[in-house]
Amino acid sequence: MSYKTVVGLEIHAQLSTNTKSFSADPNKFGLDPNTATYIGSLGMPGAIPVLSKEAVEYAIMAGLGFNCNINKESTFERKKYFYPDLPAGYQVTQVDTPIASDGYIIVKDLEENDKKIRIQRIQIEEDTGKSLHDGGEFAYLDYNRSGATLIEIVSYPDINSPEEAKEFLTKLRNTLRFLEISDGKMEEGSLRCDVNVNVIDEKNIKKSSIIEVKNVGSISAVGKVIEYEANRQIELLEKNEIEVRSTRRWDDEVNETVLMRQKFTADNFNYSYDGDVPNLIIDDEIINSVREKMPELSDEKRERFIKEYNLSEYDASILSNDKDISIYYEDVNKLVNDSTLVANYIINELLRRLNDENIEIKDLRFKENNFSDLLNLIKENKINNNTAKKVFRVMFEEGIEPISYIEENNLIQVSDEGFIDSIVDEVLAENPETIEQYLSGKDRVLGFLVGQVMKKSKGKANPSVVNEIILSKIKKQ
Ligand code: MN
(Lines give C-alpha, C1' and ligand atoms only; values in the text may rest on other atoms or scores of the structure.)
Protein backbone atom coordinates (compact mmCIF):
# COMPACT_ATOMS: atom_id res chain seq x y z
CA MET A 1 0.00 0.00 0.00
CA SER A 2 1.24 3.50 -0.62
CA TYR A 3 1.11 6.27 1.91
CA LYS A 4 1.07 10.03 1.88
CA THR A 5 3.44 11.86 4.23
CA VAL A 6 1.88 14.84 6.00
CA VAL A 7 4.12 17.45 7.56
CA GLY A 8 3.53 20.69 9.41
CA LEU A 9 6.35 22.89 10.67
CA GLU A 10 6.62 25.24 13.64
CA ILE A 11 9.51 27.61 13.38
CA HIS A 12 10.86 29.94 16.04
CA ALA A 13 12.94 32.81 14.63
CA GLN A 14 14.88 35.12 16.90
CA LEU A 15 14.43 38.71 15.78
CA SER A 16 17.53 40.88 15.63
CA THR A 17 15.99 43.81 17.48
CA ASN A 18 18.19 46.07 19.62
CA THR A 19 16.25 45.45 22.81
CA LYS A 20 14.17 42.61 24.19
CA SER A 21 10.46 42.29 23.49
CA PHE A 22 9.08 43.82 26.68
CA SER A 23 12.03 45.67 28.21
CA ALA A 24 14.95 47.93 27.37
CA ASP A 25 17.43 45.14 28.21
CA PRO A 26 19.87 44.71 25.32
CA ASN A 27 19.27 41.88 22.88
CA LYS A 28 22.92 40.91 22.43
CA PHE A 29 24.69 37.59 22.16
CA GLY A 30 28.08 36.47 23.27
CA LEU A 31 28.07 38.59 26.41
CA ASP A 32 29.17 37.26 29.80
CA PRO A 33 26.33 35.29 31.41
CA ASN A 34 23.60 37.34 33.06
CA THR A 35 24.92 40.75 32.02
CA ALA A 36 22.04 41.65 29.69
CA THR A 37 19.42 41.26 32.40
CA TYR A 38 18.75 44.49 34.24
CA ILE A 39 15.21 43.99 35.39
CA GLY A 40 12.85 43.21 32.54
CA SER A 41 14.34 39.82 31.70
CA LEU A 42 14.16 38.27 35.16
CA GLY A 43 10.43 38.09 35.76
CA MET A 44 10.65 40.45 38.72
CA PRO A 45 7.29 40.96 40.38
CA GLY A 46 6.16 44.50 39.66
CA ALA A 47 8.26 45.03 36.54
CA ILE A 48 5.85 46.40 33.94
CA PRO A 49 6.32 45.00 30.43
CA VAL A 50 6.34 47.53 27.59
CA LEU A 51 6.13 46.06 24.12
CA SER A 52 9.01 47.04 21.80
CA LYS A 53 7.95 49.04 18.74
CA GLU A 54 10.84 47.57 16.78
CA ALA A 55 9.69 44.02 17.55
CA VAL A 56 6.19 44.90 16.30
CA GLU A 57 7.58 46.39 13.08
CA TYR A 58 9.76 43.34 12.47
CA ALA A 59 6.83 41.00 13.06
CA ILE A 60 4.65 43.00 10.67
CA MET A 61 7.44 42.81 8.11
CA ALA A 62 7.59 39.02 8.51
CA GLY A 63 3.81 38.88 8.13
CA LEU A 64 3.89 40.88 4.90
CA GLY A 65 6.94 38.97 3.63
CA PHE A 66 5.04 35.69 4.06
CA ASN A 67 1.87 37.04 2.42
CA CYS A 68 -0.15 37.13 5.66
CA ASN A 69 -3.00 39.33 6.84
CA ILE A 70 -1.87 41.68 9.58
CA ASN A 71 -4.48 41.55 12.30
CA LYS A 72 -5.69 44.99 13.36
CA GLU A 73 -6.03 43.85 16.95
CA SER A 74 -4.01 41.03 18.47
CA THR A 75 -3.80 39.68 22.00
CA PHE A 76 -1.10 38.58 24.45
CA GLU A 77 -1.45 35.60 26.74
CA ARG A 78 0.63 33.92 29.41
CA LYS A 79 1.69 30.35 28.70
CA LYS A 80 2.32 28.98 32.16
CA TYR A 81 4.80 26.31 33.05
CA PHE A 82 7.64 25.83 35.46
CA TYR A 83 11.18 25.62 34.23
CA PRO A 84 14.33 27.16 35.73
CA ASP A 85 15.11 29.08 32.53
CA LEU A 86 11.71 30.81 32.76
CA PRO A 87 11.90 32.98 35.88
CA ALA A 88 8.39 34.52 35.60
CA GLY A 89 6.80 31.06 35.49
CA TYR A 90 5.14 31.96 32.19
CA GLN A 91 6.04 32.96 28.67
CA VAL A 92 4.21 35.88 27.07
CA THR A 93 2.88 34.75 23.68
CA GLN A 94 -0.05 35.30 21.33
CA VAL A 95 -2.67 32.57 21.44
CA ASP A 96 -6.15 33.95 20.79
CA THR A 97 -5.26 36.33 17.95
CA PRO A 98 -1.68 36.49 16.63
CA ILE A 99 -0.22 39.54 14.91
CA ALA A 100 -0.41 37.90 11.48
CA SER A 101 -2.29 34.98 9.94
CA ASP A 102 -3.22 33.20 6.71
CA GLY A 103 -0.08 33.56 4.61
CA TYR A 104 1.88 31.23 2.38
CA ILE A 105 5.23 30.38 0.85
CA ILE A 106 5.43 29.00 -2.69
CA VAL A 107 7.63 25.93 -3.26
CA LYS A 108 8.06 23.50 -6.16
CA ASP A 109 6.36 20.14 -5.73
CA LEU A 110 7.83 16.86 -7.01
CA GLU A 111 6.50 17.58 -10.52
CA GLU A 112 8.16 21.03 -10.45
CA ASN A 113 4.81 22.83 -10.23
CA ASP A 114 4.27 25.79 -7.92
CA LYS A 115 2.68 24.73 -4.65
CA LYS A 116 1.43 27.00 -1.89
CA ILE A 117 2.36 25.93 1.61
CA ARG A 118 -0.05 27.86 3.79
CA ILE A 119 1.03 29.63 6.94
CA GLN A 120 -1.54 29.49 9.70
CA ARG A 121 -0.14 32.13 12.04
CA ILE A 122 2.82 34.26 13.05
CA GLN A 123 2.90 35.19 16.70
CA ILE A 124 5.20 37.34 18.81
CA GLU A 125 6.58 35.64 21.91
CA GLU A 126 9.38 35.84 24.42
CA ASP A 127 12.40 33.59 24.42
CA THR A 128 13.55 31.79 27.57
CA GLY A 129 16.96 31.82 29.22
CA LYS A 130 19.47 29.03 28.75
CA SER A 131 20.33 26.18 31.09
CA LEU A 132 23.84 24.78 30.82
CA HIS A 133 24.60 21.40 32.30
CA ASP A 134 28.19 20.58 33.13
CA GLY A 135 27.55 16.86 33.00
CA GLY A 136 28.23 16.58 36.71
CA GLU A 137 26.18 17.78 39.63
CA PHE A 138 25.78 21.42 38.55
CA ALA A 139 23.49 23.27 36.17
CA TYR A 140 24.04 26.92 35.29
CA LEU A 141 21.46 29.47 34.23
CA ASP A 142 22.13 32.31 31.82
CA TYR A 143 19.21 34.72 31.45
CA ASN A 144 20.77 36.88 28.72
CA ARG A 145 18.40 35.39 26.15
CA SER A 146 15.41 35.60 28.47
CA GLY A 147 12.81 37.98 27.04
CA ALA A 148 14.44 38.24 23.60
CA THR A 149 11.84 38.48 20.83
CA LEU A 150 10.82 35.45 18.84
CA ILE A 151 8.29 35.06 16.13
CA GLU A 152 6.72 31.65 15.91
CA ILE A 153 5.66 30.76 12.39
CA VAL A 154 3.22 27.85 12.13
CA SER A 155 2.51 26.19 8.80
CA TYR A 156 -0.55 24.16 7.87
CA PRO A 157 0.18 20.47 7.28
CA ASP A 158 0.52 21.11 3.54
CA ILE A 159 4.01 19.66 3.15
CA ASN A 160 4.22 16.17 1.63
CA SER A 161 7.91 15.44 1.13
CA PRO A 162 11.36 16.12 2.59
CA GLU A 163 12.13 18.23 -0.52
CA GLU A 164 9.11 20.49 -0.02
CA ALA A 165 9.98 20.95 3.64
CA LYS A 166 13.58 21.85 2.85
CA GLU A 167 12.55 24.34 0.19
CA PHE A 168 9.95 25.88 2.49
CA LEU A 169 12.54 26.35 5.21
CA THR A 170 15.19 27.65 2.85
CA LYS A 171 12.78 30.22 1.46
CA LEU A 172 11.60 31.15 4.92
CA ARG A 173 15.16 31.64 6.14
CA ASN A 174 16.16 33.59 3.03
CA THR A 175 13.16 35.89 3.35
CA LEU A 176 14.05 36.66 6.97
CA ARG A 177 17.53 37.54 5.71
CA PHE A 178 16.26 39.70 2.84
CA LEU A 179 14.16 41.57 5.39
CA GLU A 180 17.14 41.79 7.77
CA ILE A 181 14.96 40.92 10.73
CA SER A 182 16.74 37.71 11.77
CA ASP A 183 20.06 36.13 10.85
CA GLY A 184 18.27 32.80 10.38
CA LYS A 185 21.20 30.71 11.60
CA MET A 186 19.87 27.29 12.53
CA GLU A 187 23.26 26.06 13.76
CA GLU A 188 23.38 28.91 16.27
CA GLY A 189 19.81 28.48 17.40
CA SER A 190 18.42 31.75 16.03
CA LEU A 191 16.12 29.65 13.85
CA ARG A 192 14.63 26.51 15.44
CA CYS A 193 12.32 24.09 13.78
CA ASP A 194 9.85 21.58 15.21
CA VAL A 195 8.59 19.01 12.72
CA ASN A 196 5.16 17.34 12.96
CA VAL A 197 4.90 14.21 10.83
CA ASN A 198 2.38 11.49 10.19
CA VAL A 199 1.43 9.22 7.32
CA ILE A 200 -1.97 8.37 5.83
CA ASP A 201 -2.74 5.54 3.42
CA GLU A 202 -4.06 6.42 0.00
CA LYS A 203 -7.62 5.36 0.90
CA ASN A 204 -7.53 7.67 3.90
CA ILE A 205 -8.34 4.84 6.31
CA LYS A 206 -5.17 4.06 8.16
CA LYS A 207 -3.21 6.90 9.64
CA SER A 208 -0.42 7.11 12.15
CA SER A 209 -0.37 9.40 15.20
CA ILE A 210 1.26 12.78 14.72
CA ILE A 211 4.81 12.69 15.99
CA GLU A 212 6.51 15.92 16.93
CA VAL A 213 10.27 16.07 16.48
CA LYS A 214 11.64 18.96 18.51
CA ASN A 215 14.34 21.45 17.71
CA VAL A 216 15.89 19.98 14.59
CA GLY A 217 19.26 21.65 14.03
CA SER A 218 19.62 22.14 10.27
CA ILE A 219 17.57 22.23 7.09
CA SER A 220 19.10 19.01 5.80
CA ALA A 221 18.34 17.30 9.13
CA VAL A 222 14.67 18.31 8.74
CA GLY A 223 14.66 16.40 5.44
CA LYS A 224 16.19 13.36 7.12
CA VAL A 225 13.71 13.51 10.01
CA ILE A 226 10.75 13.42 7.63
CA GLU A 227 12.15 10.53 5.62
CA TYR A 228 13.04 8.54 8.72
CA GLU A 229 9.73 9.17 10.51
CA ALA A 230 7.61 8.37 7.44
CA ASN A 231 9.38 5.01 7.05
CA ARG A 232 9.20 4.22 10.76
CA GLN A 233 5.50 5.06 10.95
CA ILE A 234 4.62 3.09 7.81
CA GLU A 235 6.35 0.07 9.28
CA LEU A 236 4.25 0.37 12.45
CA LEU A 237 1.02 0.75 10.47
CA GLU A 238 1.83 -2.33 8.39
CA LYS A 239 2.21 -4.28 11.62
CA ASN A 240 -1.07 -2.75 12.86
CA GLU A 241 0.70 -1.20 15.80
CA ILE A 242 -0.79 1.99 17.20
CA GLU A 243 1.57 4.50 18.67
CA VAL A 244 0.73 7.10 21.31
CA ARG A 245 1.18 10.70 20.12
CA SER A 246 4.65 11.57 21.23
CA THR A 247 7.60 13.90 21.07
CA ARG A 248 10.88 12.69 19.70
CA ARG A 249 14.23 14.24 18.95
CA TRP A 250 16.69 13.79 16.08
CA ASP A 251 20.00 12.13 16.89
CA ASP A 252 22.52 13.31 14.32
CA GLU A 253 25.07 10.63 15.17
CA VAL A 254 22.91 7.60 14.48
CA ASN A 255 20.53 9.32 12.01
CA GLU A 256 17.44 8.25 13.94
CA THR A 257 14.68 9.89 15.94
CA VAL A 258 14.61 8.99 19.63
CA LEU A 259 11.56 8.99 21.91
CA MET A 260 11.51 11.84 24.47
CA ARG A 261 8.02 11.65 25.94
CA GLN A 262 4.56 10.31 25.17
CA LYS A 263 1.56 12.65 25.20
CA PHE A 264 -1.21 10.76 26.99
CA THR A 265 -3.11 13.99 27.60
CA ALA A 266 -3.08 17.32 25.81
CA ASP A 267 -0.47 19.76 27.10
CA ASN A 268 -2.03 22.08 29.65
CA PHE A 269 -0.43 25.48 29.86
CA ASN A 270 -3.39 27.11 31.61
CA TYR A 271 -3.31 30.11 29.27
CA SER A 272 -4.76 33.41 30.42
CA TYR A 273 -4.74 36.95 29.06
CA ASP A 274 -1.74 38.91 30.22
CA GLY A 275 -3.28 41.76 32.20
CA ASP A 276 -0.05 43.75 31.97
CA VAL A 277 0.10 43.77 28.18
CA PRO A 278 -2.77 45.53 26.43
CA ASN A 279 -4.07 44.30 23.08
CA LEU A 280 -1.96 45.44 20.16
CA ILE A 281 -3.77 47.77 17.77
CA ILE A 282 -2.25 48.21 14.31
CA ASP A 283 -3.72 50.59 11.74
CA ASP A 284 -3.20 50.85 7.99
CA GLU A 285 -0.82 53.74 8.42
CA ILE A 286 1.58 51.60 10.43
CA ILE A 287 1.28 48.70 7.99
CA ASN A 288 1.97 50.99 5.03
CA SER A 289 4.96 52.62 6.68
CA VAL A 290 6.44 49.16 7.32
CA ARG A 291 5.66 48.08 3.78
CA GLU A 292 7.56 51.08 2.41
CA LYS A 293 10.69 49.98 4.27
CA MET A 294 10.61 46.48 2.80
CA PRO A 295 13.22 45.49 0.21
CA GLU A 296 12.47 43.51 -2.94
CA LEU A 297 11.96 39.83 -1.99
CA SER A 298 12.99 36.74 -3.90
CA ASP A 299 9.78 36.03 -5.87
CA GLU A 300 9.69 39.59 -7.17
CA LYS A 301 13.42 39.59 -7.79
CA ARG A 302 13.20 36.38 -9.82
CA GLU A 303 10.59 37.91 -12.14
CA ARG A 304 12.73 41.01 -12.58
CA PHE A 305 15.86 38.93 -13.31
CA ILE A 306 13.98 37.00 -16.01
CA LYS A 307 12.85 40.24 -17.67
CA GLU A 308 15.82 42.49 -17.10
CA TYR A 309 18.62 39.97 -17.68
CA ASN A 310 16.90 37.54 -19.99
CA LEU A 311 17.61 34.57 -17.70
CA SER A 312 15.83 31.22 -17.65
CA GLU A 313 13.42 30.71 -14.78
CA TYR A 314 15.77 28.16 -13.27
CA ASP A 315 18.84 30.41 -13.36
CA ALA A 316 16.84 33.41 -12.18
CA SER A 317 15.53 31.53 -9.18
CA ILE A 318 18.97 30.30 -8.13
CA LEU A 319 20.34 33.84 -8.36
CA SER A 320 17.40 35.50 -6.61
CA ASN A 321 16.78 33.12 -3.70
CA ASP A 322 19.64 34.22 -1.52
CA LYS A 323 20.24 37.85 -0.63
CA ASP A 324 24.04 37.82 -0.82
CA ILE A 325 24.07 35.87 -4.08
CA SER A 326 21.53 38.18 -5.72
CA ILE A 327 23.52 41.28 -4.75
CA TYR A 328 26.75 39.68 -5.92
CA TYR A 329 25.22 38.77 -9.27
CA GLU A 330 23.99 42.28 -9.96
CA ASP A 331 27.22 43.94 -8.74
CA VAL A 332 29.46 41.73 -10.87
CA ASN A 333 27.20 42.14 -13.88
CA LYS A 334 27.53 45.92 -13.62
CA LEU A 335 31.28 45.42 -14.16
CA VAL A 336 30.99 42.83 -16.93
CA ASN A 337 27.73 43.68 -18.64
CA ASP A 338 27.01 40.18 -19.90
CA SER A 339 24.14 38.84 -17.82
CA THR A 340 24.28 35.31 -19.29
CA LEU A 341 28.04 34.85 -18.91
CA VAL A 342 27.95 36.15 -15.33
CA ALA A 343 24.95 33.98 -14.45
CA ASN A 344 26.58 30.86 -15.91
CA TYR A 345 29.86 31.44 -14.15
CA ILE A 346 28.26 32.13 -10.79
CA ILE A 347 25.95 29.12 -10.99
CA ASN A 348 28.30 26.56 -12.56
CA GLU A 349 31.63 27.51 -11.03
CA LEU A 350 31.27 29.80 -8.05
CA LEU A 351 28.19 28.34 -6.33
CA ARG A 352 29.35 24.81 -6.96
CA ARG A 353 32.63 25.51 -5.17
CA LEU A 354 30.89 27.41 -2.37
CA ASN A 355 28.57 24.46 -1.80
CA ASP A 356 31.39 21.93 -1.94
CA GLU A 357 33.45 23.83 0.62
CA ASN A 358 30.41 24.94 2.61
CA ILE A 359 31.45 28.60 2.67
CA GLU A 360 29.53 31.79 1.95
CA ILE A 361 30.03 34.54 -0.60
CA LYS A 362 31.18 37.00 2.01
CA ASP A 363 34.06 34.67 2.93
CA LEU A 364 35.51 34.51 -0.60
CA ARG A 365 39.29 34.94 -0.78
CA PHE A 366 39.18 37.07 -3.93
CA LYS A 367 37.59 40.47 -4.45
CA GLU A 368 34.52 41.16 -6.51
CA ASN A 369 36.52 43.12 -9.12
CA ASN A 370 38.94 40.18 -9.47
CA PHE A 371 35.98 38.02 -10.43
CA SER A 372 34.73 40.59 -12.94
CA ASP A 373 38.28 40.90 -14.37
CA LEU A 374 38.30 37.17 -15.03
CA LEU A 375 34.88 37.28 -16.68
CA ASN A 376 35.89 40.24 -18.81
CA LEU A 377 38.91 38.29 -20.08
CA ILE A 378 36.56 35.47 -21.09
CA LYS A 379 34.11 37.90 -22.65
CA GLU A 380 36.85 39.58 -24.68
CA ASN A 381 38.10 36.18 -25.78
CA LYS A 382 41.53 36.76 -24.23
CA ILE A 383 41.55 33.45 -22.39
CA ASN A 384 39.86 30.23 -23.34
CA ASN A 385 37.46 28.28 -21.16
CA ASN A 386 39.99 25.81 -19.85
CA THR A 387 42.40 28.54 -18.82
CA ALA A 388 39.53 30.44 -17.21
CA LYS A 389 38.58 27.41 -15.15
CA LYS A 390 42.15 26.87 -14.04
CA VAL A 391 42.60 30.51 -13.09
CA PHE A 392 39.28 30.50 -11.28
CA ARG A 393 40.40 27.49 -9.25
CA VAL A 394 43.58 29.30 -8.16
CA MET A 395 41.58 32.45 -7.41
CA PHE A 396 39.14 30.47 -5.30
CA GLU A 397 41.86 28.65 -3.40
CA GLU A 398 44.53 31.33 -3.06
CA GLY A 399 42.76 34.62 -3.71
CA ILE A 400 45.11 35.72 -6.53
CA GLU A 401 44.45 38.61 -8.98
CA PRO A 402 43.61 37.04 -12.34
CA ILE A 403 45.16 39.67 -14.63
CA SER A 404 48.64 39.59 -13.10
CA TYR A 405 48.44 35.80 -12.65
CA ILE A 406 47.61 35.29 -16.32
CA GLU A 407 50.44 37.61 -17.39
CA GLU A 408 52.98 35.98 -15.09
CA ASN A 409 52.05 32.52 -16.28
CA ASN A 410 51.78 33.53 -19.91
CA LEU A 411 48.23 32.23 -20.33
CA ILE A 412 46.78 34.76 -22.74
CA GLN A 413 44.92 32.96 -25.48
CA VAL A 414 46.65 32.94 -28.82
CA SER A 415 44.43 33.30 -31.88
CA ASP A 416 47.35 34.13 -34.13
CA GLU A 417 47.01 31.81 -37.12
CA GLY A 418 50.74 31.61 -37.83
CA PHE A 419 51.46 30.27 -34.35
CA ILE A 420 48.58 27.80 -34.43
CA ASP A 421 49.27 26.80 -38.03
CA SER A 422 52.73 25.44 -37.27
CA ILE A 423 51.50 23.40 -34.29
CA VAL A 424 48.62 21.97 -36.36
CA ASP A 425 51.14 20.87 -39.02
CA GLU A 426 53.18 19.08 -36.38
CA VAL A 427 50.15 17.30 -34.92
CA LEU A 428 48.81 16.25 -38.31
CA ALA A 429 52.21 14.87 -39.29
CA GLU A 430 52.34 12.82 -36.11
CA ASN A 431 48.82 11.34 -36.53
CA PRO A 432 48.22 10.13 -40.08
CA GLU A 433 45.95 7.23 -38.93
CA THR A 434 43.69 9.66 -37.06
CA ILE A 435 43.27 11.70 -40.22
CA GLU A 436 42.33 8.50 -42.08
CA GLN A 437 39.74 7.70 -39.44
CA TYR A 438 38.28 11.17 -39.72
CA LEU A 439 38.08 10.98 -43.49
CA SER A 440 36.34 7.60 -43.29
CA GLY A 441 33.56 9.23 -41.25
CA LYS A 442 34.65 9.08 -37.62
CA ASP A 443 33.90 12.71 -36.74
CA ARG A 444 34.67 12.22 -33.08
CA VAL A 445 38.44 11.90 -33.60
CA LEU A 446 38.58 15.60 -34.43
CA GLY A 447 38.40 16.28 -30.69
CA PHE A 448 41.56 14.24 -30.19
CA LEU A 449 43.47 16.32 -32.74
CA VAL A 450 42.25 19.59 -31.22
CA GLY A 451 43.31 18.27 -27.81
CA GLN A 452 46.82 17.52 -29.09
CA VAL A 453 47.19 21.04 -30.47
CA MET A 454 45.90 22.56 -27.21
CA LYS A 455 48.42 20.51 -25.29
CA LYS A 456 51.35 21.61 -27.45
CA SER A 457 50.24 25.24 -27.16
CA LYS A 458 50.25 24.78 -23.37
CA GLY A 459 46.53 25.47 -23.34
CA LYS A 460 46.87 28.92 -24.84
CA ALA A 461 45.53 28.36 -28.36
CA ASN A 462 42.04 29.52 -29.15
CA PRO A 463 40.23 26.20 -29.61
CA SER A 464 37.77 27.46 -32.19
CA VAL A 465 40.61 28.76 -34.36
CA VAL A 466 42.41 25.40 -33.89
CA ASN A 467 39.27 23.60 -34.98
CA GLU A 468 38.94 25.68 -38.12
CA ILE A 469 42.56 25.31 -39.17
CA ILE A 470 42.60 21.54 -38.65
CA LEU A 471 39.45 21.12 -40.73
CA SER A 472 40.69 23.25 -43.57
CA LYS A 473 44.00 21.35 -43.67
CA ILE A 474 42.45 17.88 -43.54
CA LYS A 475 40.03 18.75 -46.32
CA LYS A 476 42.88 19.89 -48.55
CA GLN A 477 44.66 16.55 -48.15
MN1 MN B 1 6.45 28.95 20.74
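What comes next is a walk through the structure. The structure displayed is predicted, hence computed values, not measured ones.

Taken together, the protein ligands of the manganese ion are H12 (NE2), E125 (OE) and E152 (OE), with distances of 2.0 to 2.2 Å. Donor residues binding the manganese ion come from one chain and are separated in sequence as H-x112-E-x26-E. Taken together, the positions of E125 in strand β7 (residues 114-126) and E152 in strand β10 (residues 149-155) put the pair 27 residues apart, joining distant regions of the chain. Among the residues examined, E152 registers a relative accessible area of 10% and is labelled buried.

With that settled, consider the sheet that holds strand β5 (residues 90-93). Ordered by their spatial adjacency, three strands build an open sheet running β5-β4-β15, and the pairing between neighbours is antiparallel. Unpaired on one side and paired on the other, β5 and β15 (272-273) mark the two borders of the sheet. With two bridges joining them, strand β4 (residues 77-80) and β15 adopt antiparallel strand pairing. Along β15, the bridge assignment pairs E77 with Y273.

The next thing to look at is helix α6 (residues 313-321). The set of residues buried in α6 consists of D315, A316, S317, L319 and S320. For α6, the elements touching its buried residues are α2 (162-179), α5 (298-309), α7 (323-336) and α8 (339-357).

Counting residues in hydrophobic clusters, the biggest one holds 58 residues, and the most contacted among them are L9, F66, F168, V195 and V222. For V195, the residues in contact, after removing those within four places along its chain, are V7, G8, L9, I211, E212, V213, V216, V222, V225 and I226. Among the nonpolar cores identified, the runner-up in size contains 37 residues, and L319, A343, F392 and F396 belong to it.

A few words now on empty space enclosed by the protein. One pass over the structure, following the stated rule, counts one cavity of 30 Å³ or more. By volume, the largest cavity amounts to about 30 Å³. Lining the largest cavity are K20, F22, S23, G40, S41, E126, S146 and G147.

Positive phi outside glycine occurs at D102, with the angle close to 60°. Mapped onto the fold, D102 is located in strand β6 (residues 100-108). Among the residues examined, D102 registers a relative accessible area of 45% and is labelled partly exposed. One non-glycine residue, N410, adopts positive backbone phi at about 55°.

Reading the values: the criteria
Residues numbered from 1 in each chain as written. Predicted model: local features only at pLDDT ≥ 70, side-chain atom pairs only at ≥ 80, totals over all residues. Heavy atoms only, no water. Donors = N, O, S within 2.8 Å, 3.2 Å for Na, K, Ca; no water. Helix = DSSP H or I, 4+ residues; strand = E, 2+ residues; numbered from the N terminus. Buried < 20%, exposed > 50% of the residue type's maximum accessible area, 1.4 Å probe, protein only. Pairing = 2+ DSSP bridges. Contact = heavy atoms within 4.5 Å. Core = buried A, V, L, I, M, F, W, Y, C linked by side-chain atoms within 4.5 Å. 1 Å grid on protein atoms, 1.4 Å probe; cavity = no way out; pocket = protein on both sides within 12 Å on 5 of 7 lines; lining within 4 Å. Points joined across faces, edges and corners; volume = space filled by probe spheres on them.

Purely geometric numbers; function is a separate question.
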